[in-house]
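This is what each chain is made of:
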Amino acid sequence: MGQILGLGITHYPGLSIQGNLSRRIKICLADPALPERLRSVDNWPEAMRRQWGTDEGQGHSDAHRSDMIEGFRRARRELDKFQPDFCVIWGDDQYENYRDDCVPAFSVLAYDSSEVQPWLHNQRGTNSWNEPKDKSFTIRGHRKGGKHLAASLLNEGFDVAYGYKPLHSGLGHAFVNSVLYLDWDRNGFPYPVVPFTVNAYGRYLTVTEAVSPTPSKGRSLEDADEDPPGPQPWRCFQIGAATARAFSNSPWKVALIASSSWSHSFLTAKHARMYPDIESDRRYFEALRAGEWETWRNTNLEQAENRGHHELLNWFCLAGAMAELKRKPDEAEFLESWITNSDKVFAVFRPPLS
């Protein structure tokens, strides 16, 4: 019988770059489509004003960055203690391999390995490790494990896609960043990875080409020719449960990892795309922490999109897996952030002692 470790992390791009993580607030303030009331700090939610402070959020940015790094170090210690045969990572494809020629709801990537150069075309700034622009990383895959997963899901009636090589741009940043962050101290990442892609951006995948909408861009989306939607959150929950079954009946030790931040400000139209839905994040976090899975199981896509929970679809997969295994987290931490685009959550679901 297989053993399963559950982890929840983020692939937040800002963490990979030096500088103030709250730079999006200035972008919003300079945008002519931002509602006038939000141009005054006095009209912001109190917690948001506190995080912005008198230093344009630099103090919060520094503390938030430190908290995330420590979260990744804890997650890495759990991986090293567990010593998985491979990791399955649920992550969203943001117009990287999901493009006009093929957009599945889900895809299991049974690659042998991937060579990535994350800084080669980076325009954001200096990376957090001061690594050279041409630095290359090899991320090992696990084709046999990926094929086993795809076959198990198909046999259960989940019509997933699968692939042995990328269509366009190698591994998406959700997976690359997850590995880079789990190896924050650059000791090497020895664990093979089976990427499990989710079409989290659904209706706006090709319309935005995954460029974060500003208030002005968000206004233009109202009249856009939308794509078909992404998968329902409850379906992600179901496919996560089936993934847990697939590996419970396998010979492997597997880490199931959900990678995303939670509500994203640029996806939360009701907040003028300036700050995330903290209240909803808190509600789902408390349900996660308590192992109260009905809140997750019964969510539909309209509700998720209203809350900026598009990328949380990755965590719905993890929630379904942990519900199937009848677990709640041994550790869970909520990192609240009104001004860095998103809240972040770290969670650990350890396997029972044998």
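Residues numbered from 1 in each chain as written. Predicted model: local features only at pLDDT ≥ 70, side-chain atom pairs only at ≥ 80, totals over all residues. Heavy atoms only, no water.

K.L.:
Mind showing me how you'd approach the overall build of the chain here?
P.N.:
Check the secondary structure of the chain and you find 12 helices and 10 strands. For the C-alpha atoms alone, the extent of the chain along its principal axes is close to 60 × 40 × 40 Å. Residues counted as buried form 58% of the 354 residues belonging to the chain. When the 41 basic and 46 acidic side-chain charges of the chain are each reduced to a single mean position, those positions are 4 Å apart. (Helix = DSSP H or I, 4+ residues; strand = E, 2+ residues; numbered from the N terminus. Buried < 20%, exposed > 50% of the residue type's maximum accessible area, 1.4 Å probe, protein only. Lys, Arg positive; Asp, Glu negative; His and termini not counted. Charge placed at Lys NZ, Arg CZ, Asp CG, Glu CD.)

K.L.:
What's the story with the pattern of salt bridges in this structure? I'm lost.
P.N.:
A pair can form between side chains of opposite charge whenever their charged atoms are brought close. Under the criterion given, the structure shown has 20 salt bridges. One salt bridge in this structure joins Arg 245 and Glu 156, with 2.6 Å as the shortest N-O distance. Of this pair, Arg 245 sits in helix H8 (residues 233-248) while Glu 156 sits in the loop between helix H4 (143-155) and strand S6 (161-163); the two residues are 89 residues apart in sequence, bridging distant segments of the chain. For Arg 245, a relative accessible area of 28% corresponds to the partly exposed category. For Glu 156, a relative accessible area of 39% gives the class partly exposed. Its salt-bridge partner being Glu 286, residue Arg 289 comes within 2.7 Å of it at the nearest N-O pair. Taken together, the residues span about one helical turn, with Arg 289 and Glu 286 both in helix H9 (residues 278-290) at a distance of three residues. Connected via shared salt-bridge partners are Arg 76, Asp 80 and Asp 183. (Salt bridge = Lys/Arg side-chain N within 4 Å of Asp/Glu carboxyl O.)

K.L.:
When you look at a nonpolar patch on the surface in this model, what are you seeing that I'm missing?
P.N.:
Together, Leu 154, Tyr 162 and Tyr 164 make up a nonpolar patch on the protein surface, roughly 290 Å² of accessible area in all. With respect to the element layout, Tyr 164 can be found in the loop between S6 and helix H5 (173-182). Exposure remark for Tyr 164: the relative accessible area of 36% places this residue in the partly exposed category. (Patch = residues over 30% accessible without salt bridge, like charges linked within 9 Å, V, L, I, M, F, W, Y side chains within 5 Å. Areas by Shrake-Rupley, 256 points an atom, 1.4 Å probe, with all protein chains shown as cover.)

K.L.:
When you look at the sheet that holds strand S7 (residues 193-198) in this model, what are you seeing that I'm missing?
P.N.:
The pairing of strands in a sheet comes from backbone hydrogen bonds and takes either a parallel or an antiparallel form. Across the sheet, eight strands lie side by side as S6-S3-S7-S2-S8-S1-S10-S9; this open sheet has mixed pairing. Whereas interior strands pair on both sides, the edge strands pair on one side only; in this sheet they are S6 and strand S9 (331-335). In this sheet, adjacent strand axes meet at a mean angle of 15 degrees when their direction is disregarded. Direction of pairing for strand S2 (residues 86-92) relative to strand S8 (residues 253-259): parallel, over a ladder of five bridges. Of the residues in S8, the one forming a bridge with Val 88 is Leu 256. (Pairing = 2+ DSSP bridges. Axes fitted to C-alpha atoms, helices over the stretch in contact; angles between N-to-C directions.)

K.L.:
Where do I start with unusual backbone geometry in this structure?
P.N.:
With glycine set apart, most residues show a phi of negative sign, and most peptide bonds adopt trans. Its identity is not glycine, yet Gln 83 carries a phi of approximately 55 degrees, on the positive side. Within the element layout of this structure, Gln 83 appears in the loop between helix H3 (58-82) and S2. Residue Gln 83 is classed as partly exposed on the basis of its relative accessible area of 44%. One non-glycine residue with positive phi stands out, namely Asn 130, at about 55 degrees. With respect to the helices and strands, Asn 130 occurs in the loop between strand S4 (113-116) and strand S5 (137-140).

K.L.:
Teacher, can you tell me more about the environment of Val 194 here?
P.N.:
Following the sequence through the fold, Val 194 ends up in strand S7. You can call Val 194 buried: its relative accessible area is 1%. Separated by 104 residues in sequence, Val 194 and Trp 90 have C-alpha atoms that sit 8.8 Å apart. Once you skip the residues sitting within four places of it in the chain, Val 194 turns out to touch Phe 86, Cys 87, Val 88, Ile 89, Val 108, Leu 109, His 142, Gly 145 and Gly 146. (Contact = heavy atoms within 4.5 Å.)

K.L.:
Quick question: what am I supposed to make of the packing of H4 against H8 here?
P.N.:
A pair of packed helices is captured by two measures, namely the crossing angle of their axes and the spacing between those axes. Where H4 contacts H8, the two axes come as close as 9 Å, and the packing angle between them is 120 degrees. As summarised for this structure, H4 and H8 are arranged oblique, according to the angle between their axes. Where H4 crosses over H8, the handedness of that crossing is right-handed. On the side of H4, the interface is formed by Gly 145, His 148, Leu 149, Ser 152 and Leu 153, while H8 contributes Ile 239, Ala 242, Thr 243, Ala 246 and Phe 247. Residues belonging to the contact of H4 with H8 are distributed by class as follows: six nonpolar, four polar and no charged. (Parallel < 35°, antiparallel > 145°, perpendicular 65-115°, else oblique. Left-handed = near helix turned anticlockwise from the far one by under 90°. Nonpolar A, V, L, I, M, F, W, Y, C, P; charged D, E, K, R; others polar.)

K.L.:
Got a minute to help me understand the packing of aromatic side chains in this structure?
P.N.:
The geometry of an aromatic ring pair comes down to the distance between the two centres and the angle between the two planes. Evaluated as defined, the whole model comprises 22 aromatic pairs. Between Tyr 162 and Tyr 164, the ring centres sit 5.7 Å apart and the planes meet at 55 degrees, which makes this aromatic pair tilted. A connected cluster of aromatic rings, assembled from ring pairs, spans Phe 72, Trp 119, Trp 129, Tyr 181, Trp 184 and Phe 346. Between the NZ or CZ atom of Arg 186 and the centre of the ring of Trp 129, over which it lies, the distance is 4.0 Å. The residue whose ring lies beneath Lys 253 is Phe 82, and the NZ or CZ to ring-centre distance is 4.8 Å. (Phe/Tyr/Trp six-rings, centres within 6.5 Å; stacked < 30°, edge-to-face > 60°. Lys NZ or Arg CZ within 6 Å of the ring centre and 35° of its normal.)

K.L.:
Which parts of the structure should I look at to understand the nonpolar core?
P.N.:
The nonpolar side chains of a soluble globular protein tend to be buried, and buried together. The biggest cluster of nonpolar side chains holds 54 residues, and the ones touching the most others in it are Val 88, Leu 153, Phe 196, Phe 247, Trp 293, Trp 296 and Trp 315. The element best represented in this core is helix H12 (residues 313-324), accounting for nine residues. Leave out the neighbours within four places in its chain, and Trp 296 touches Phe 237, Trp 262, Tyr 284, Ala 287, Leu 288, Leu 312, Trp 315, Phe 316 and Ala 319. (Core = buried A, V, L, I, M, F, W, Y, C linked by side-chain atoms within 4.5 Å.)

K.L.:
Would you mind showing me how to read H5 here?
P.N.:
Residues spaced three or four apart along an α-helix point in a common direction, a consequence of the helix completing one turn every 3.6 residues. Of all 10 residues in H5, nine are buried, a share of seventy percent or more. Buried within H5 we find Ala 174, Phe 175, Val 176, Asn 177, Ser 178, Val 179, Leu 180, Tyr 181 and Leu 182.

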